Amino acid sequence: MKLWRGGRLATLAGEQGWGLIDDGALLVDGDQLRWVGPSADAPAADEVVELHGALVTAGFVDCHTHLVYDGNRANEFEQRLLGASYADIAKAGGGIRSTVAATRAASEADLLASATRRAQALMREGVTTLEIKSGYGLDAATEARMLRVARQLQSLGLDVRTTYLAAHALPPEFTNADDYITAVCEWLPELRAAGLVDAVDAFCEHIAFSPAQTARVFDAAQALGLPVKLHAEQLSDQGGAALAAGYRALSCDHLEYLSPAGIQAMAAAGTVAVLLPGAFYALRETQLPPIQQLRDAGVPIAIATDHNPGSSPTLSPLLMLNMACVLFRLTPEEAWRGLTVNGARALGLRDRGQLVAGQRADFCVWDAGHPRELAACFGHNPLTERVQQGMQGAV
Ligand code: NIG
Ligand code: FE
């Protein structure tokens, strides 16, 4: 067993507050935290690491990314600056479809190489659990290839959760969206049997799929015992959040156009609201998600990078902490909970996100005095150690 002592722990224990322990210690037993408390009370251990007052937090859980793909869409960034909207570009055949063309043409080795570099960038900013969606294949073979690549990233020293998002856009070989949804539902059992799918997602939007089509995907997921999530109410109110809550969705994500009825349905179902400040920023959105109403209803709020080549090409969870505060007016504590314990909850995980005995030993050591400093700064990365399942990784 290894004891880390003399650190400033921000445990986030309980439902609110930082849970600060000024001169604190963590006892790591294998991949678990065995004991957490004041250094003065710490049990004996075979090995001791002195933290010299450094800040220790749980590792980041990035619960919404599209990390596996080829190509880039900087040309669309230019088009948007000249006045085109994300929806205009999608309707003209660009957007997701342009990444689909590039991803289909890429080999598994190429996809693995580029996704590895991106995952390592996230790890260098403290990510220890990473969700990765498919959705740039839109055919059985390429969706499977994306999910296999995502699974392989697990060996880098982070926990990867995979999400099947074939219902992301209509691929060029289909003209009828209902026919495509039939195919999406047919591909799922084999991918699930191969152990490639932890959850199922869809893009419910006027430029993507309708609530009725989304419901068909959710029915297929439910028949296989898979939990669902939804890209909901990003560009318009489709009633997607209420629909997803009816399936006891783990999370609804984006939510700029979420209605009061959607909020109530999410609260009743215990569905997490995943807010994505990177996409809000990059698309220069002005409609804010209904943060105060989510708070009032007791809906847990998570924050994620939404890393993807179009709407959120960021690899910085630290920047998301800052943007969640500046753009969405979350408190630094809400933003931290959003990228740790509530991010875990959005993946159905209860064993991480807080520095509490019994949780996984996934934590970060920072050259900082208080976690609010990391939310206040941007473009600065003070990570000095990253521990995942008890193992120190290169930063
Ligand atoms: O989360 N909104 C849909 N899906 C992604 C964007 C994907 C893309 O543009 O490539 C999102 O923002
Ligand atoms: Fe997304």
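Computed from a predicted structure; not experimentally measured.

## Re the overall build of the protein chain
The number of helices and strands found in the protein chain is 15 helices and 16 strands. What you see for the protein chain is a C-alpha radius of gyration of 20 Å, in line with the 21 Å of a compact globule of 395 residues. Dimensions of the protein chain, computed from the C-alpha atoms along their principal axes, are close to 65 × 45 × 45 Å. Out of the 395 residues in the protein chain, the part that is buried amounts to 58%. Taking contacts inside the protein chain between residues at least 6 apart in sequence as the whole, the part at least 24 apart equals 70%. The positive charge centre, built from 31 side chains, and the negative charge centre, built from 44, are 0 Å apart in the protein chain.

## Observations regarding the packing of aromatic side chains
The tally for this structure, following the rule as stated, stands at 10 aromatic pairs. Ring centres of F174 and Y180 lie 5.1 Å apart, and the angle between their planes is 65°; this geometry places the pair in the edge-to-face category. For F174, a relative accessible area of 22% corresponds to the partly exposed category. Between the aromatic rings of F280 and F328, the centroid separation amounts to 5.1 Å while the plane-to-plane angle is 75°, which identifies the pairing as edge-to-face. Linking F280 in helix 10 (residues 277-282) with F328 in helix 12 (residues 317-328), this pair joins segments that are 48 residues apart in sequence. Classification of F328 by relative accessible area gives buried; the value is 3%. Put simply, the rings of F174, Y180, W187 and F209 touch in pairs and so form one group of aromatic residues. Against the face of Y69 rests R118, its NZ or CZ located 3.7 Å from the ring centre.

## With respect to the pairing of strand 7 (residues 127-133)
Among the 7 residues in strand 7, 7 count as buried, and that is most of the element. The pairing of strand 6 (residues 60-62) with strand 7 spans 3 bridges and is parallel. Its bridge partner being in strand 7, V61 is matched across the sheet by T129. Of the pairings in the sheet, the one linking strand 7 to strand 8 (residues 159-167) comprises 5 bridges and is parallel in character. Counted as the bridge partner of I132 is T162 from strand 8.

## Here's the deal with the coordination of the iron ion (ligand 2)
The textbook angles at a metal center are 109.5 degrees for a tetrahedron of four donors and 90 or 180 degrees for an octahedron of six. Donor atoms from the polypeptide that bind the iron ion (ligand 2) are H64 (NE2), H66 (NE2), H231 (NE2) and D306 (OD), placed at 2.0 to 2.6 Å. Mapped onto the sequence, the donors of the iron ion (ligand 2) take the spacing H-x1-H-x164-H-x74-D. The exposure classification of H64 matches that of H66, with both residues buried.

## Let's talk about the UniProt feature "binding site: N-formimidoyl-L-glutamate" (unreviewed entry) in the protein chain
Cross-referencing UniProt, the feature "binding site: N-formimidoyl-L-glutamate" (unreviewed entry) maps to Y136, N308 and G310 in the present numbering. These annotated residues cover 175 residues of sequence, and their C-alpha atoms lie no more than 11.7 Å from one another, placing them together at a single site. Judged by its relative accessible area of 4%, N308 falls in the buried class. The residues touching N308, leaving out its near neighbours within four places in the chain, are H66, Y69, Y136 and P313. Within the structure, N308 has its side chain in polar contact with the backbone oxygen of D306 (distance 2.9 Å).

Here is what the cut-offs are and how they apply
Residues numbered from 1 in each chain as written. Chains lettered and ligands numbered in written order. Predicted model: local features only at pLDDT ≥ 70, side-chain atom pairs only at ≥ 80, totals over all residues. Heavy atoms only, no water. Helix = DSSP H or I, 4+ residues; strand = E, 2+ residues; numbered from the N terminus. Rg over C-alpha atoms; globule rule 2.2 N^0.38 Å. Buried < 20%, exposed > 50% of the residue type's maximum accessible area, 1.4 Å probe, protein only. Contact = heavy atoms within 4.5 Å. Lys, Arg positive; Asp, Glu negative; His and termini not counted. Charge placed at Lys NZ, Arg CZ, Asp CG, Glu CD. Phe/Tyr/Trp six-rings, centres within 6.5 Å; stacked < 30°, edge-to-face > 60°. Lys NZ or Arg CZ within 6 Å of the ring centre and 35° of its normal. Pairing = 2+ DSSP bridges. Donors = N, O, S within 2.8 Å, 3.2 Å for Na, K, Ca; no water. UniProt positions renumbered as here; feature names shortened; annotations may be inferred. Polar contact = N/O pair within 3.5 Å; in protein donor to acceptor, adjacent residues only side chain to side chain.

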